[in-house]
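Read off the chains here:
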Amino acid sequence: MVASVLILAGQRAGLVDPLCEATGVSHKAEISVAGISMLDRVRTALSDANMPTPHISGYSGSDLTEVPSGEGPADSVLLGLEDIDTYPCLVTTCDHALLAPEMVEAFVSGAVAEGTDICVGLATEEVIQAEYPTTKRTYLRFSDYAVSGCNLFYIANEDGLKAIAFWQSVQHLRKNPLKLAKKVGVGIGIKFAAGRLSLGGAFEYAAGRIGITAAPVLIPFAEAAIDVDKPSDLELVEQILADRQ
């Protein structure tokens, strides 16, 4: 079901990552979470889910095969998959410190069932808030769901890369859902702003504009949407892991 895996571990050149600065490391992949580096946590989850040995982009400090990286996530996926050239490919990030095999399995099985060129893993606000009511996530609000990204992507074939190329052109708008919707199309932007655009409808419309097929996969695990992006995220993740003990 998955022929290759890519872990994104790069960071923007010339910018000091506040997490790296606070923890005294050069790359986010090295940040320790409850005594284990974030990268090792991701690798273990993928291995326990019987995924292929990953490739890595943007970090040379591991024994994984490194592939080219770009200035941002979309650039890195495009460059990395041009080098890997094996599909279907599962893409995730090194800061997904709570990634677990059951999340990977749920996402991959859902993506295979969809049968589209690309699938994106999402968690609903309802699922996240039920478990972690105080955590702050960025949500895209549709008529049926409010969703947050889970840093999980299933690229079934080369056509799926067209979606990544589109994301490359609009990724600077990811924190502004209304502007993002308008970029896709004025009509769809108005529909989104009016709260009349469904999640499935948004994927269908965007995919049609790009000339591919795409679908969301809703992951029933709140932790799938909690990556380590800032110091407060690191505190939350370490607290979650401590509570599990």
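Scroll up for the structure.
Below you will find a few notes about this structure. Residue numbers here run from 1 along each chain, matching the order of that chain's written sequence. Whole-chain, interface and lining totals are the exception, using all residues; otherwise, since this is a predicted model, local features are given only for residues with pLDDT of at least 70 and side-chain atom pairs are given and counted only at 80 or more. For the side-chain quantities, the full set of heavy atoms in the structure was used; hydrogens and water were omitted.

**Side note on the nonpolar core**
A general feature of soluble globular proteins is that nonpolar side chains tend to end up buried together. Within the largest apolar cluster, 51 residues are counted, with the highest numbers of intra-cluster contacts made by L46, M51, L90 and F107. A run of H or I in DSSP counts as a helix once it spans at least four residues, and a run of E counts as a strand once it spans at least two, with each numbered from the N terminus. Going through the elements one at a time, β1 (4-8), α2 (38-48), α4 (101-114), β7 (118-124), β9 (146-155), β10 (214-218) and α10 (231-244) are the ones with two or more residues in this core. Only heavy atoms enter the contact rule, under which two residues are in contact if any of them lie within 4.5 Å. Other than its neighbours up to four places away in sequence, L90 contacts V2, S4, V5, L6, L46, M51, V104, F107, V108, L152 and F153. L6, C89, I118 and I212 belong to the second largest nonpolar core, which has 17 residues in total. Only buried Ala, Val, Leu, Ile, Met, Phe, Trp, Tyr and Cys residues count toward a nonpolar core, and they belong to the same one when joined by side-chain atoms within 4.5 Å. We call a residue buried when its accessible area falls under 20% of the maximum for its residue type, exposed when it is over 50%, and partly exposed in between, using a 1.4 Å probe and counting protein chains only.

**Brief notes about the pattern of salt bridges**
Here, a salt bridge means any Lys or Arg side-chain nitrogen found within 4 Å of an Asp or Glu carboxyl oxygen. Scanning the model with the defined rule gives nine salt bridges in all. With a closest N to O distance of 2.9 Å, D95 and K28 form a salt bridge. Here D95 is found in the loop between β6 (89-93) and α4, whereas its partner K28 is found in the loop between α1 (18-23) and β2 (32-33), with 67 residues between them in sequence. A residue is classified by how much of its surface remains accessible, and D95, at 8% relative accessible area, is buried. Judged by its relative accessible area of 9%, K28 is buried. Here the salt bridges do not stand alone but share partners, grouping R137, D227, K230 and D233 into one network.

**Re unusual backbone geometry**
Looking along the chain, the bond that leaves Y87 and enters P88 is cis, with omega of 0 degrees. Looking at the secondary structure, you find P88 in the loop between α3 (73-84) and β6. Phi angles above zero are rare outside glycine, and A34 is one such case at about 55 degrees. Turning to its location among the elements, A34 is positioned in the loop between β2 and β3 (36-37). Owing to a relative accessible area of 45%, A34 belongs among the partly exposed residues under this scheme.

**With respect to the packing of α3 against helix α6 (residues 160-170)**
The axes used here are C-alpha line fits, helices contributing only the stretch in contact, and every angle between their N-to-C directions lies in the interval 0 to 180 degrees. Relative to each other, α3 and α6 sit at 150 degrees, their axes nearing to 8 Å. Taken together, the axes of α3 and α6 are roughly antiparallel relative to one another. As α3 runs across α6, the sense of the crossing is left-handed. Together, A74, D75, V77, L78 and L81 of α3 and L161, I164, A165, W167 and Q168 of α6 make up the contact between the two elements. Charged residues are taken to be Asp, Glu, Lys and Arg, nonpolar residues to be Ala, Val, Leu, Ile, Met, Phe, Trp, Tyr, Cys and Pro, and polar residues to be all remaining types, Gly included. Taken together, the residues of the contact of α3 with α6 sort by class into eight nonpolar, one polar and one charged. To sort the angles, those under 35 degrees are grouped as roughly parallel, those over 145 as roughly antiparallel, those from 65 to 115 as roughly perpendicular, and the leftovers as oblique. Here a crossing is called left-handed whenever its near helix is offset anticlockwise from the far helix by less than a right angle, and right-handed whenever the offset is clockwise.

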